[in-house]
Amino acid sequence: MSFSNFSPILLKLIAILGVSGSLLQVVAQEPPSIWSGIYTTDQSARGESVYREECAECHREDLTGQDMSPSLIGIGFTFKWEGKNLQELYASMRYGMPQTSPGRLSNGQYAALTAYLLEKNGFPSGDTELTSDEDELAQIEITSNR
Ligand code: HEC
């Protein structure tokens, strides 16, 4: 049998795959942009009070850092996190901070801290709270491109 006998079937298969592929694209939701308002101001305010209690002694009240504790704001934040995703930022706190007792806070508190860092770095708030679901967080890129 020659290849040409198969090619019509192959073409049909490719066509079917193509159609279902575009259907999938319609069904699958676009991941939200970090610029679309992905946390609430209530949530970042909760994050701020946790921050003052648990983090400011090392990273300072104004988030600029000191000694071994890196800055969590401005160019220091951008340099470290640009192009990464929110799960990576969340996880650095969820599994690493506070440095003396990592993971001691609740998932909701870590999400609130993430929201607070977003606010302090100029990302806009919106109507829905930021999730602590790491699969969902992994969909959201940290980018300065609006
Ligand atoms: C005892 C001091 C101390 C405390 C308290 C502390 N941190 Fe840290 N933090 C550090 C040090 C040191 C590093 C860098 C080394 C590392 O990543 O483990 C760091 C790293 C980080 C990073 C990664 C930043 C980067 O550029 O790598 C984040 C985000 C962070 N801290 C947030 C927090 C938050 C939020 C809290 C409060 C829940 C907190 N930290 C409490 C000392 C501290």
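Everything discussed here concerns the structure shown above.
I will try to describe carefully the structure that is included in this document. (Residues numbered from 1 in each chain as written. Predicted model: local features only at pLDDT ≥ 70, side-chain atom pairs only at ≥ 80, totals over all residues.)

### A short note on the overall build of the protein chain
Part 1: Helix and strand counts for the protein chain come out as seven helices and zero strands.
Part 2: From first element to last, N terminus to C terminus, the protein chain shows the α and β order α-α-α-α-α-α-α.
Part 3: Split into buried and exposed, the 146 residues of the protein chain put 23% on the buried side. (Helix = DSSP H or I, 4+ residues; strand = E, 2+ residues; numbered from the N terminus. Buried ≥ 20, exposed ≤ 12 C-beta atoms within 10 Å, placed from the backbone.)

### Notes on the nonpolar core
Part 1: Membership of the largest hydrophobic core comes to 26 residues, with the highest contact counts inside it found for Y90, L113, A115 and Y116.
Part 2: Elements supplying a minimum of two residues to this core: α4 (74-81), α5 (86-94) and α6 (107-120).
Part 3: The element best represented in this core is α6, accounting for eight residues.
Part 4: Here A115 is in contact with Y39, Q43, S44, G47 and L130, once residues within four sequence places are set aside. (Core = buried A, V, L, I, M, F, W, Y, C linked by C-beta atoms within 7 Å. Contact = placed C-beta atoms within 7 Å.)

### What about the site of the ligand?
Part 1: Every one of the 18 residues lining the ligand counts as a neighbour, but C55, C58, P70, M97 and Q99 are closest to it.
Part 2: At the level of secondary structure, the elements contributing two or more residues to the shell around the ligand comprise α3 (56-59) and α5.
Part 3: Ranked by the residues each element gives to the shell around the ligand, the list is headed by α3, at three residues.
Part 4: Considered class by class, the residues forming the shell around the ligand number nine nonpolar, six polar and three charged. (Near = placed C-beta within 6 Å. Nonpolar A, V, L, I, M, F, W, Y, C, P; charged D, E, K, R; others polar.)

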